[in-house]
Structures are given as C-alpha cells and as structure tokens.
2 protein chains.
Amino acid sequence: MSATTADAERLVRIGEVARDAGVSVRAVRYYEQQGLLTAERSPSGQRLYPREAGARVRFFQQMYAAGLSSRNIAELLPCIESGHTDAEQRAMLHAERDRIRAKIDDLQAALDRLDEVIEVTASHP
Amino acid sequence: MSATTADAERLVRIGEVARDAGVSVRAVRYYEQQGLLTAERSPSGQRLYPREAGARVRFFQQMYAAGLSSRNIAELLPCIESGHTDAEQRAMLHAERDRIRAKIDDLQAALDRLDEVIEVTASHP
DNA sequence: CTAAAACCTGACGTTGACGTCAGGGTCAAG
DNA sequence: CTTGACCCTGACGTCAACGTCAGGTTTTAG
C-alpha cells in the first residue's frame, strides 16, 4: 500500500548485482557496454541498479550458455519487453531456436559416443 | 581376397580428407599439430592419409561441438584405441560426460525460455 | 580519522580453433 | 611448357566474453 513511490530508492550497487547473479563485476560492466543493461548513477558516479538486475543478468548467462551472442541477446530484449516482434526479429528467434535444438541433438549424439567409450573401457580396467 | 597387402596404397591427400569431413584443409593440419592425426608423407612431402581419416575428423568435430578441447580429445583417443583406461582417464571421461549432460539441460532450459518469448510475441504481430 | 572494501575509467591480456596471407614447391592436363 | 589446382611451411590475425592491472575516488566499518 505504501509502495507506490517510496521504494524507487531500493537500488543496489554493482557488487551486489554480481554476487546475486554469480558473475564478476567486470562482467556486469561488460553487459552494460554491450547495451544489455543500463544503470542510474549516484552523484559520485557509481552505478545503481534496480533489484531485478540480478535476475536479468542470470537470464543473460542462460542465453550466453545457449550460444547466443551479446548482439543476439540485445535483439532479443525488446521482443520480451514489448511483446512485439517484426519479421526480422521473428526470423532471428526461430533461427536461434532451431540452432539450439540442433545443438542439443549434437550434444546428445556426442554423449552417446562418450558413453560407448566409457562402457567399453569399463570392462577393461 | 586380393586385399591383404595390395590396398595399403589407398591413400588420400589432405584436400580429400577435408572435403570428406566438411572442414578446411587448415583445420586438418591443425588437428595434426594437436596430435590428433598423423600422416605419412609422399616423397615430395605431401601428407597422405588412410581413407578412414575423414571419419576420424568428423569424430573430432563431434567432440569439439560437445565442448571438448583438443587436449581432451587427445586424451580420449588412446582410450578408444586401446580399450583401456587408467584412473585419470576414467575421471576425465566421467567429468566430460557430466558436463555434456549439464549443458544439455542448460540448453533445454534456454530453449524453453526462447519458446516462451516466441509464443508470447506470436500473438502480438 | 583512518584503513579496508568497493567503486570508477581506461586499456592491454587471454584462450581456442581456426582464417588468412606470404612465398614457394609439385603435378596432371592441354 | 605453362597454367591452374593442389600442396607445403611459417607466422600473424580474428573473435567474444571477459580477466587483470594501473592509478585514482568513494563508501563503510570501527
């Protein structure tokens, strides 16, 4: 009830965002440089983030882990925030999805090969 | 029947291996440099490979795609060829298998997130 | 008030799997 | 015989997501 204008102050500094997301401070600055993240500045110039910043950074990590580049993620963000996509964005989304699917299949195939090796060599200690 | 000593001559040059495996000639030379591949040499110094070399290179590609390094693959090869492993090798094999499994899960999670975005934005053209 | 902890801006370093260029042999075909 | 197509050995270039160091300001704990 008392939270309409009062908690706009609930801002955190970069170190907390980094710890929250499990990445380095350097990484968070890098994301800003890549246009993935923006920050207010304190009078002395320190970055101030809303508390959701940590979750946002974890999302970046998830996308990076899936093989998306900073550029891809940057293109992805407006789609999420606006809920709207143009033709080019839809094409990108589908291409990335297909790429990830293919990669999962590749990984599964590689996993099977490794398991073969493990099984065969398990009987010959 | 006539193939006991006669087809040791069935050797191919690097370009054919590369085409066969779908990689660059440079890549094949790189694999040799990493100790993954050995080649005979013609009198003039050209590399000569047995015809299975293409399949071998495709195997490398599969492992690279799974995130193994040249070093990992190099450690893997003797396990395959000898069918024997020591403790360190078994540890590596298990570690890599677990890593790949975890990566598949990560990719699946990322895929789900992407699909969410695609589904949401599909209704808002 | 002071020292440690955290932040700032550059800017160069790292890593791996190649790409690419330089400069030069080799080999079947016409 | 010469023109391509293919091969050779270095050796420097690339790209992305940070790591790391330098040199300096700010915030916090005591």
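Since the structure is predicted, the reported quantities are computational estimates derived from the model, not experimental observations.

### Details of the interface of chain A and chain B
Here comes step 1: Each partner contributes to the interface: chain A provides 34 residues, whereas chain B provides 34 residues.
Here comes step 2: Approximately 3200 Å² of surface area, both sides summed, lies buried where chain A meets chain B, with 73% of it carried by carbon and sulfur atoms.
Here comes step 3: Its largest share of buried area at the contact with chain B, chain A owes to Leu107(A), Leu114(A) and Ile118(A), together 18% of the area lost on that side.
Here comes step 4: Put simply, chain A and chain B have two salt bridges between them.
Here comes step 5: Its salt-bridge partner being Asp115(A), residue Arg97(B) comes within 3.5 Å of it at the nearest N-O pair.
Here comes step 6: In this assembly, chain A and chain B are joined by one residue pair in polar contact (both at pLDDT 80 or more).
Here comes step 7: Contributing elements (two or more residues each) for the side of chain A that touches chain B: α3 (53–65), α4 (70–82) and α5 (87–122) of chain A.
Here comes step 8: For the side of chain A that touches chain B, the leading source of residues is α5(A), giving 21 residues.
Here comes step 9: Residues of the side of chain A that touches chain B, tallied by class, amount to 19 nonpolar, eight polar and seven charged.

### A short note on the nonpolar core
Burial of nonpolar side chains together is a common tendency in soluble globular proteins.
Here comes step 1: Counting residues in hydrophobic clusters, the biggest one holds 66 residues, and the most contacted among them are Phe60(A), Leu76(A), Phe60(B) and Leu76(B).
Here comes step 2: Residues within four places of Leu76(A) in sequence aside, it is in contact with Phe59(A), Met63(A), Leu68(A), Met92(A), Leu93(A), Leu114(B) and Val117(B).

### Considerations on the protein's contact with DNA strand D
Here comes step 1: Not every one of the 22 residues close to DNA strand D is listed here, only the nearest: Ser24(A), Tyr31(A), Gly15(B), Arg29(B) and Arg47(B).
Here comes step 2: One of the side-chain nitrogen or oxygen atoms of Arg41(B) is found 3.1 Å away from a phosphate oxygen of DNA strand D.
Here comes step 3: Considering only residue class, the surface near DNA strand D consists of six nonpolar, nine polar and seven charged.

### Observations regarding the relation of the copies chain A and chain B
Here comes step 1: For the match of chain A to chain B, the screw axis carries a shift of 0.0 Å, the RMSD comes to 0.1 Å, and the turn is 180°. Such values leave the two copies arranged in the relation of a two-fold axis. Judged by C-alpha distance, Ile104(A) is the residue of chain A that lies nearest the rotation axis, at 2.9 Å.
Here comes step 2: A symmetric contact is evident, with 100% of the interface residues of chain A recurring at the interface of chain B.

### A short note on the side chain of Ser70(B)
Here comes step 1: By secondary structure assignment, the location of Ser70(B) is in helix α4 (residues 70–82).
Here comes step 2: With residues near it in sequence (within four places) discarded, Ser70(B) still touches Tyr30(B), Gln34(B), Leu36(B) and Tyr64(B).

### Observations concerning the pattern of salt bridges
All names here are of chain A.
Here comes step 1: In total, this model carries 18 salt bridges over all chains according to the counting rule given.
Here comes step 2: A salt bridge links Arg56 to Glu81; its shortest N-O distance comes to 3.1 Å. Placement of the pair is Arg56 in helix α3 and Glu81 in helix α4, with a sequence separation of 25 residues.
Here comes step 3: Overlapping salt bridges, with partners in common, bring together Glu32, Arg41 and Arg47 in one network.

### What to know about the protein's contact with DNA strand C
Here comes step 1: The immediate surroundings of DNA strand C are formed by 20 residues, with Gly15(A), Arg47(A), Ser24(B), Arg26(B) and Tyr31(B) found nearest.
Here comes step 2: Backbone atoms, meaning sugar plus phosphate, form 70% of the atoms of DNA strand C positioned within 4 Å of the protein.
Here comes step 3: Contacts to DNA strand C include Gly15(A), whose backbone N or O atom sits 2.7 Å from a phosphate oxygen.
Here comes step 4: Arg29(A) is positioned with one of its side-chain polar atoms (N or O) 3.0 Å from a phosphate oxygen of DNA strand C.
Here comes step 5: Elements with a contribution of two residues or more to the surface near DNA strand C: α1 (14–21) and α2 (25–33) of chain A together with α2 (25–33) and α3 (53–65) of chain B.
Here comes step 6: For the surface near DNA strand C, the element with the most residues is α2(B), which contributes four residues.

Parameters at a glance
Along each chain, numbering runs from 1 in the same order as the chain's sequence is written. Each chain gets a letter, beginning with A, and each ligand a number, beginning with 1, in the order they are written. A pLDDT threshold of at least 70 governs which residues receive local features in this predicted model, and a stricter bar of 80 or more applies before side-chain atom pairs are shown or counted, although totals over entire chains, interfaces and linings include all residues. Hydrogens and waters are ignored; side-chain quantities use all the structure's heavy atoms. It only takes one pair of heavy atoms within 4.5 Å for two residues to be counted as in contact. Put simply, buried area is how much 1.4 Å-probe accessible surface two parts lose in total, over both of them, once they are put together. Counted as salt bridges are all cases of a side-chain nitrogen of Lys or Arg within 4 Å of a carboxyl oxygen of Asp or Glu. Polar contact is the term for a pair of N or O atoms within 3.5 Å; when the atoms are in protein, one must be able to donate a hydrogen and the other to accept it, and sequence-neighboring residues count only if both atoms are side-chain atoms. Helix and strand definitions here come from DSSP, where helices need a minimum of 4 consecutive H or I residues and strands a minimum of 2 consecutive E residues; each element is numbered from the N-terminal end. In the scheme used here, Gly and all other residues not listed as nonpolar or charged are polar, with Ala, Val, Leu, Ile, Met, Phe, Trp, Tyr, Cys and Pro taken as nonpolar and Asp, Glu, Lys and Arg as charged. Each nonpolar core is a collection of buried residues, namely Ala, Val, Leu, Ile, Met, Phe, Trp, Tyr and Cys, held together in the definition by side-chain atoms within 4.5 Å. Summary of the burial criterion: residues with accessible area below 20% of their type's maximum are buried, those above 50% are exposed, and those between are partly exposed, where the area comes from a 1.4 Å probe applied to protein chains only. Any residue with a heavy atom lying within 4 Å of a molecule or strand is counted as near it. The least-squares superposition of copies is restricted to C-alpha atoms, and to residues with a pLDDT of at least 70 in both copies.

None of the figures reported here should be taken as evidence of function without further support.
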